[in-house]
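Structural overview
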Amino acid sequence: MADRRRINGPPAGTRPPVYASLKESKTGVSERTLRQRQPTELRKFYLKTGMIPTASGSSYLEFAPSAALAAARSNPKSLIPPSSALKVACTVHGPKPLPRSVPFSPNLLLTTHVKFAPFAARKRKGHVRDTTERDLGVHLETALRGAIIAERWPKSGLDITLTIVEAEDDRWWGDAPDSHDASWGMLNVLAGCITAASAAIADAHIDCLDLVSGGVAALVSDDASTAPRLVLDVDPAEHRSIQSACVVAYMPARDEITELWLKGDSSRAALEKSDGRTGHEALIDGAVDAARGANTILTDAVRESIARSFAQV
Amino acid sequence: MSNQRQASSASQVPHLSPAELSYLYTSLSLPKNPIRPDGRSPTQFRPLSAETNILPGTNGSARIGFADGTQAIVGVKASVEKTILAADTLDSRSLAQHGDALNREGEEGSAAVSGQGEWVQMSIEIPGYRDDDALPVFLGEMMRESLVGSVAGGSEEVKEMAGGLKGRLVINKRWHWRLYIDVLLLSQPLAYPLPLLSLTTHLALLSTKLPKLKSTGEEDPFFDDDWAVAEYLYPRSNKQSSPSDAPTYPVRPPVTLLVIAVGENVIFDPNREEIAVADAVLAISITRSSDSENMKLLSIRSIDPPSRLTQPGIPNSENVNMLGGPPASSNQSGGQEEVGGVWRPRRGGVQRSVITRMIKTVLQKGGVGEEVIQGLEGVKVE
């Protein structure tokens, strides 16, 4: 039964109208921002631990806005922001005793909650977790469980909550939704979640085998004629179409992958002739390289966190 | 409650003692020829019985039962829906001509419209789980992702399937089919139910028929009443040599295989006991690519191996009962070194080389993927 007593706003929010003249400038070049980084160049990001004093461990991760986004914010030409930049806050509560109703467990039980803020994506998210959020939670749990030494905390639980304040776009917002149809932004969100959660777990002083970090690689084709090429740390808003993408959670010290999520058709990748790898192998290797890059920042953030806890003693 | 907490792991915490786990692991990780508890070869699947078109009220349905008693039913229903085209989703070309677009509607073929992944909805019901628990959601997303992601290559033969399943659902610019795939697991999930559900969905989609369209172009859709002339969702090629032959499909829905690695060995279709000792579990979705005979990879997801949640065994050197006094090292988690025959829960991830080997076993020519697809081609779908 609809609420007829009040004048309510539309449930899904509204978007400003987009005029054809805005989408194509006079020169005939669309306003889509193209990738200015090298294929192997990663975006910068900011990672800080211990932002939330009530949690036993916490971290905040923010990707640097792309050059195009920064330019559009200072000098707006269109009503559509060209892209968005990931912002994730992570809290870790525990290890704490399990409630009495839970049967004995010899290991630390991990619970992961990934929640988008209602305003995080272009389309409003409800307050109840939807399927993509639950799905991300399972991926994250798989990634972290491999890194945590769980048997050192029998009968205890660990709650990891991630709040996505701003999510990555799945496509350039001027595109029709079908042209780029898959939730490619989710892969970036997952990689960010893994890195942030790893920093928060280290901030909570929970024993891990290694710091696990997330990385994304994708096969993109910017025009239909060329074969898709491999880029690391892809921003979906910068490409016309993404053929295939892969996210890994990677532990550099052991050279091991705890989580792998690859989707899309990777068979038509343009690799060098001498490269004997198939498309999916190249994707996984690329994602691992991206994860290695993220790991350097993660290590610095954790070092900062430890220095701070020593200073408090 | 405890089930639900653990629901996301490959299934529940295995109820096996450390000694049993260690025995299983040792026999499964024997180099070159693992010994499986049920005597299968590493790439052999469990025997199954399958039937299709069992539910008269659906567009397509299938049932598959494994010999161990697990059964799944899949029903596919389709409904016609209006395509919502907000102003910002029109491309600028059509916006520029908006003034006269209304009366020239239908000049461009509907091929210009490609489908959307949201048009395929999947719900999975597993006894003992709520529908918003992690396991059904994860399984559903996994199967849906490969279904809507499989786009056929540029073969001319199957015009309808040009945009994959999504493209097939487009009726014209303003209308499309919405597909509801409802998966029902009838028995308790004895093993990780992914292979069963994926195979059943595959057969149900092959048997799915959509009513024949009578209207043309951009008219409102109008269908033939005669169910006998309905068209298959996945078109069949009509060059059959004899009527007794199974029809061939230029495009087939994807299949998701469950693959585990134990030690050096790669094992397919694990049962509950085998998955409990796995070092790594991968779900690999494949399909036969339409332009070549090779297998095509659609998606890979790693699944949390339940071996991480098992209880460790205690070696005799640390066992109080064997020594008659308190153990020498009171720090029980300190004894990390592997003792032969004593179970240690798996820790850490999986090497890249292992993942590559698992994928290769599926994709290579004459590999398991080809075998599974051939096996499914043997199933006659009415």
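Residues numbered from 1 in each chain as written. Chains lettered and ligands numbered in written order. Predicted model: local features only at pLDDT ≥ 70, side-chain atom pairs only at ≥ 80, totals over all residues.

Labelled according to an unreviewed UniProt entry, chain B appears under the name Ribosomal RNA-processing protein 42, originating from Penicillium bovifimosum. On record in UniProt, under Sequence similarities (unreviewed entry), the comment for chain B is "Belongs to the RNase PH family." (UniProt positions renumbered as here; feature names shortened; annotations may be inferred.)

In the nomenclature of an unreviewed UniProt entry, chain A corresponds to 3' exoribonuclease family protein from the organism Penicillium bovifimosum. Under the UniProt heading Sequence similarities (unreviewed entry), the note attached to chain A is "Belongs to the RNase PH family."

For the rest of this paragraph, the subject is the overall build of chain B. A count of helical and extended segments in chain B gives eleven helices and twelve strands. Counting every position in chain B, which comprises 382 residues, the buried fraction comes to 42%. When contacts within chain B are restricted to residue pairs at least 6 apart in sequence, those whose partners lie at least 24 apart make up 68%. (Helix = DSSP H or I, 4+ residues; strand = E, 2+ residues; numbered from the N terminus. Buried ≥ 20, exposed ≤ 12 C-beta atoms within 10 Å, placed from the backbone. Contact = placed C-beta atoms within 7 Å.)

Residues and elements named next belong to chain B. An order of β1-β2-β3-β5-β4 is seen for the five strands of this open sheet, with the pairing classed as mixed. Each having just a single partner strand, β1 (48–52) and β4 (120–125) make up the two edges of the open sheet. Geometrically, the sheet is characterised by an average inter-axis angle of 15° between neighbouring strands, direction not taken into account. Strand contacts of helix α7 (residues 194–206): β1, β2 (60–66), β3 (71–82), β4 and β5 (175–185), with the helix running at about 145° to β2, the strand carrying the most contacts. (Pairing = 2+ DSSP bridges. Axes fitted to C-alpha atoms, helices over the stretch in contact; angles between N-to-C directions.)

Another point: unusual backbone geometry. Note on backbone geometry: most residues besides glycine have negative phi, and most peptide bonds are trans. In this structure, A:P95 follows A:G94 across a cis peptide bond, with omega equal to 0°. Note on placement: A:P95 falls in strand β3 (residues 87–97). Despite not being glycine, A:H205 has its phi angle at roughly 55°, a positive value. Structurally, A:H205 can be placed in the loop between α4 (185–203) and β6 (213–221). Classification of A:H205 by C-beta neighbours within 10 Å gives partly exposed; the count is 13. The residue B:D269 is not glycine, and still its phi comes out positive at about 45°.

On to the pairing of strand β5 (residues 156–166) of chain A, then. All names here are of chain A. Direction of pairing for β3 relative to β5: antiparallel, over a ladder of nine bridges. Among the inter-strand pairings, C90 is bridged to a residue of β5, identified as L162. Examined bridge by bridge, strand β4 (residues 109–116) and β5 share eight bridges and lie parallel to one another. Its bridge partner being in β5, L110 is matched across the sheet by L158. After leaving β4, the chain enters helix α3 (residues 131–145) and then returns to the sheet as β5, a path that is left-handed. (Right-handed = clockwise from strand over helix to strand, strands pointing away.)

This part covers the packing of α4(A) against helix α5 (residues 279–312) of chain A. Residues and elements named next belong to chain A. Between α4 and α5, the shortest axis-to-axis distance is 10 Å and the interhelical angle comes to 25°. Judged by the angle between their axes, α4 and α5 are roughly parallel. Crossing hand, α4 versus α5: right-handed. For the pair formed by α4 and α5, the contact residues are T195, S198, A199, A202 and D203 on the first element and A294, L298, A301, V302 and S305 on the second. Its residues assigned to classes, the contact of α4 with α5 comprises six nonpolar, three polar and one charged. (Parallel < 35°, antiparallel > 145°, perpendicular 65-115°, else oblique. Left-handed = near helix turned anticlockwise from the far one by under 90°. Nonpolar A, V, L, I, M, F, W, Y, C, P; charged D, E, K, R; others polar.)

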